[in-house]
Amino acid sequence: MSNHCPYCQKKISISKVFCSRECKDNYFQMVAIQIPKPFIKRIFVFCDKEQREKEIAEFASRHGWKESLIRNKIAKLKEEYGY
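So, a few notes on the structure that sits alongside this text. Treat the numbers as computed from the prediction; the structure is a model and nothing was measured.

## Section: the side chain of Lys73
For Lys73, the position within the fold is in helix α4 (residues 67-81). Here Lys73 occupies a buried position and makes no salt bridge, while the nearest side chain of opposite charge, Glu80, is found at 8.1 Å. Setting aside residues up to four positions removed in sequence, Lys73 forms contacts with Met30, Ile33 and Ile35.

The structure is reproduced here in structure tokens:
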């Protein structure tokens, strides 16, 4: 029997919860990351692509989160909010 890693969806044995330590860390960081709706609105309504990239990098740096995780979270929220 097999299970799937909740972060990357790789197949893993039923006795494991995550496929790697990195997936475990990323999963719990994604849960902890909170991005305010006004920030999402600002970067998609009032910023061009270049400004958006800069804002995302600054946001990740300011909060000490991995930029790739911030980008993933923003992509999910963008669809959810309809931007």
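## Observations regarding unusual backbone geometry
One non-glycine residue, Gln9, lies in the positive phi region at around 70°. Using a relative accessible area of 49% as the deciding quantity, one classes Gln9 as partly exposed.

## As for the environment of Ile70
Assignment of secondary structure puts Ile70 in helix α4. Look at Ile70 and you get buried, because its relative accessible area is 0%. In this structure, the C-alpha to C-alpha distance between Ile70 and Gln29, residues 41 residues apart in sequence, is 9.5 Å. Leaving out residues up to four positions away in the same chain, Ile70 has contacts with Ile33, Ile35, Ile56, Phe59, Ala60 and Trp65.

## Re the side chain of Arg52
By secondary structure assignment, the location of Arg52 is in helix α3 (residues 49-63). Glu53 provides the closest opposite charge to the buried, unpaired Arg52, separated from it by 5.8 Å. In this view, Arg52 contacts Ile43, Phe44 and Cys47; residues no more than four positions away in its chain are not counted.

## With respect to α4
A rise of 1.5 Å per residue sets the reference length of α4, with its 15 residues, at 21 Å; its end C-alpha atoms lie 20 Å apart and thus fit the reference within 8%. For α4, the elements touching its buried residues are α1 (21-32), α2 (37-46) and α3. With its phi angle positive at about 80°, Gly82 sits one or two positions after the end of α4.

Cut-offs and rules
- Position numbers for residues start from 1 in each chain and track the written sequence from start to end.
- Given that this is a predicted model, residues contribute local features only at a pLDDT of at least 70 and side-chain atom pairs are listed and counted only at 80 or more, while totals for whole chains, interfaces and linings are drawn from all residues.
- Only hydrogens and water are removed before side-chain values are computed, so all heavy atoms of the structure are retained for them.
- Helix numbers and strand numbers start at the N terminus; a helix is a DSSP run of H or I with at least 4 residues, a strand a run of E with at least 2.
- A simple rule labels every residue: compare its accessible area, found with a 1.4 Å probe on the protein chains alone, to the largest value its type can have, and call it buried under 20%, exposed over 50%, or partly exposed in between.
- Counted as positive: Lys and Arg. Counted as negative: Asp and Glu. His and the chain ends are not counted at all.
- Counted as salt bridges are all cases of a side-chain nitrogen of Lys or Arg within 4 Å of a carboxyl oxygen of Asp or Glu.
- In what follows, residue pairs with any heavy atoms lying within 4.5 Å of each other are defined as contacts.
- To estimate how far a helix should reach, multiply one less than its number of residues by 1.5 Å.

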